[in-house]
Amino acid sequence: MVKNTASVVEPPLGIRYEVSGGAMLLHQAGTGGPPVVFLAGGGMFGLYYWNVHNLVAEFTTSVIYDRLGMGWSDVVDLPRSGEQVTDDLHELLCAAGVPGPYVLVGHSLGGLYARLYAKRFPDEVCGLVLLDPTHEGIVDYLPEKDSQRFKEDWNPDDLFPPEQMEAMRTVYRATFGRALAAWPAEIREPLLAQGFSSEGYRQSTREPMNVPHLFGEVRGAGPDPDIPLIILSAMGSDTFADELVPPDARSSAAESNQAKHRLYTDRAAALPRAEVRRVDDAGHSGIAWFRPDAVVRAIRDASSR
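Per chain, residue numbering runs from 1 following the sequence as it is written. Local features in this predicted model are restricted to residues of pLDDT 70 or higher, and side-chain atom pairs are both shown and tallied only at a pLDDT of 80 or more, whereas totals for entire chains, interfaces and linings draw on every residue. Side-chain descriptors were evaluated using all non-hydrogen atoms of the structure, hydrogens and water having been removed beforehand.

A. Representation of the environment of Tyr172 within the structure. Helix and strand labels come from DSSP, where a helix needs a run of H or I of at least four residues and a strand needs a run of E of at least two; each type is numbered from the N terminus. Within the secondary structure, Tyr172 is located in helix 6 (residues 162-179). Note on exposure labels: buried denotes an accessible area under 20% of the residue type's maximum, exposed denotes more than 50%, and partly exposed covers the range between, all computed with a 1.4 Å probe on protein chains only. On the basis of relative accessibility, which here comes to 30%, the residue Tyr172 falls in the partly exposed class. When the C-alpha atoms of Tyr172 and Phe196 are compared, they prove to be 8.1 Å apart, with 24 residues separating the residues in sequence.

This is the structure in structure tokens:
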């Protein structure tokens with residue numbers, strides 16, 4: 001089911017393009033190639049990567065966009081399959097006249113979508129930069145208590161009653177506001193208003209709830225293509241969000257970081273043009289905000305190989 005986007009405020013950047021599933025917001029800046037396309041993390045959307053997008057646009061074409069159901073794209077039922085998400089992006093780039101091949105930059109869940117896109121459309125991708133990506137192999141590396149959440153699809157409406165959802169929305173909005181405090185108000189305020197409206201936040205919790213299904217899609221799509229691949233492994237904590245993690249869970253988070261890094265290293269070793277770069281002073285959520293230099297360096301390197 002598709003309906004018009006429920007915008008709280010107008011987007012500060014971008015144009016909406018029609019694809020089969022609805023209208024999607026895309027903003028591009030810069031010139032040259034290969035074009036760089038940012039695939040947001042789960043529950044996030046393109047404008048969250050405004051800072052690195054601007055830096056990349058100084059030397060090549062840079063694209064940020066909102067997946068259907070997120071941000072300023074049309075509202076749809078979530079979660080969606082990886083096939084749907086990658087088909088949407090394929091159509092969107094064609095509709096917006098962005099020529100490939102692309103360097104795809106995928107953060108977290110976006111890393112899973114980026115790899116699936118490269119598997120499904122190998123002639124359209126010339127490099128991958130993955131920012132602390134979700135990976136289907138993680139269940140084999142994490143302790144059982146941590147890996148269980150990757151083994152079955154969730155329904156956020158069952159997990160979070162309305163009063164808890166509202167409390168979470170309030171806390172996360174304040175937390176993200178602090179993280180983006182230095183951004184221009186004309187970018188930051190519409191972003192927070194749209195992302196943390198009641199409906200916007202509810203959609204953000206729904207988007208990543210079918211990760212086990214996505215894992216199966218990525219496995220079933222065949223091997224990763226032989227293209228340059230750089231994985232940035234965030235080994236630090238998101239200090240701007242420390243209050244969101246109970247003290248007794250912080251040691252578990254550090255253990256999960258080590259397991260994740262082993263996974264990335266093992267998988268990169270099996271690919272001829274892959275490497276892993278540790279980022280010790282940034283966490284999973286804030287890697288693009290607090291280490292844009294590392295992100296841009298990886299994009300430059302993947303683009304030139």
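B. Focus on the pattern of salt bridges. Each salt bridge in this description consists of a side-chain nitrogen of Lys or Arg and a carboxyl oxygen of Asp or Glu lying within 4 Å of one another. The tally for this structure, following the rule as stated, stands at 18 salt bridges. One salt bridge in this structure joins Arg120 and Asp87, with 3.0 Å as the shortest N-O distance. One end of the pair, Arg120, is in helix 3 (residues 109-120); the other, Asp87, is in helix 2 (residues 82-95), with 33 residues separating them in the sequence. Here Asp87 falls in the partly exposed class, since its relative accessible area comes to 26%. Put simply, Glu275 and Arg277 hold a salt bridge, and the shortest N to O gap is 3.1 Å. It is possible to trace a salt-bridge network through shared partners that takes in Asp281, Arg291, Asp293 and Arg297.

C. Structural context of the packing of helix 2 against helix 3. Under this scheme, a helix contributes an axis fitted over its contacting stretch, all axes are lines through C-alpha atoms, and angles between N-to-C directions fall in the 0 to 180 degree range. The interhelical angle for the contact between helix 2 and helix 3, taken along N-to-C directions, is 70°, at an axis separation of 10 Å. Relative to helix 3, the element helix 2 is oriented roughly perpendicular. Counted together, Gly82, Glu83, Val85, Thr86, Asp87, Leu89, His90 and Leu93 of helix 2 and Tyr113, Leu116, Tyr117 and Arg120 of helix 3 form the full contact between these two elements. An angle below 35 degrees is read as roughly parallel, one above 145 as roughly antiparallel, one from 65 to 115 as roughly perpendicular, and any other as oblique. Every residue pair with non-hydrogen atoms within 4.5 Å of one another is taken to be in contact.

D. Focus on helix 2. Each helix should span, by expectation, one fewer than its residue count multiplied by 1.5 Å. The end-to-end C-alpha distance of helix 2 is 20 Å, a good match for the 20 Å that 14 residues give at a rise of 1.5 Å each. Turning to helix 2, its buried residues number three or more, namely Gly82, Val85, Thr86, Asp88, Leu89, Leu92 and Leu93. Axial view of helix 2: buried residues confined to an arc of 150°, hence all on one face. Of the residues trailing helix 2, Gly97 is marked for its positive phi of about 70°. When we speak of the arc, we mean the arc of directions from the helix axis to the C-beta atoms.

E. Local environment of the sheet that holds strand 8 (residues 125-131). Taking strand neighbours across the sheet as the criterion, the 8 strands line up as 2-3-5-4-7-8-9-10 in an open arrangement whose pairing is mixed. Only two strands of the sheet have a single neighbouring strand rather than two, namely strand 2 (15-19) and strand 10 (274-279). Neighbour-to-neighbour, the strand axes of this sheet turn through a mean angle of 25°, independent of strand direction. A pair of strands is labelled paired if DSSP reports no fewer than 2 bridges between them. Strand direction decides the pairing type here: strand 9 (residues 229-234) and strand 10, joined by 6 bridges, are parallel. When the sheet's bridge partners are listed, Leu229 is paired in strand 10 with Ala274.

F. Focus on the packing of aromatic side chains. A pair of Phe, Tyr and Trp rings is counted when the ring centres sit within 6.5 Å of each other, with Trp represented by its six-membered ring. The angle between the planes then sorts it: under 30 degrees is stacked, over 60 is edge-to-face, the rest tilted. Counted according to the given criterion, the structure contains 13 aromatic pairs. When the centroid spacing of 6.4 Å and the interplanar angle of 20° are considered together, the rings of Phe38 and Tyr49 count as stacked. In this pair, Phe38 is assigned in strand 4 (residues 36-39) and Tyr49 in the loop between strand 4 and helix 1 (50-56), connecting sequence segments 11 residues apart. In terms of burial, Phe38 and Tyr49 fall into one category: buried.

G. Quick look at helix 7 (residues 185-195). With respect to burial, helix 7 is a largely interior element, 8 of its 11 residues being buried. Those residues of helix 7 that fall on the buried side of the exposure criterion are Ile187, Arg188, Pro190, Leu191, Leu192, Ala193, Gln194 and Gly195. Turning to helix 7, the residues buried within the fold contact helix 1, helix 6 and helix 8 (198-206).

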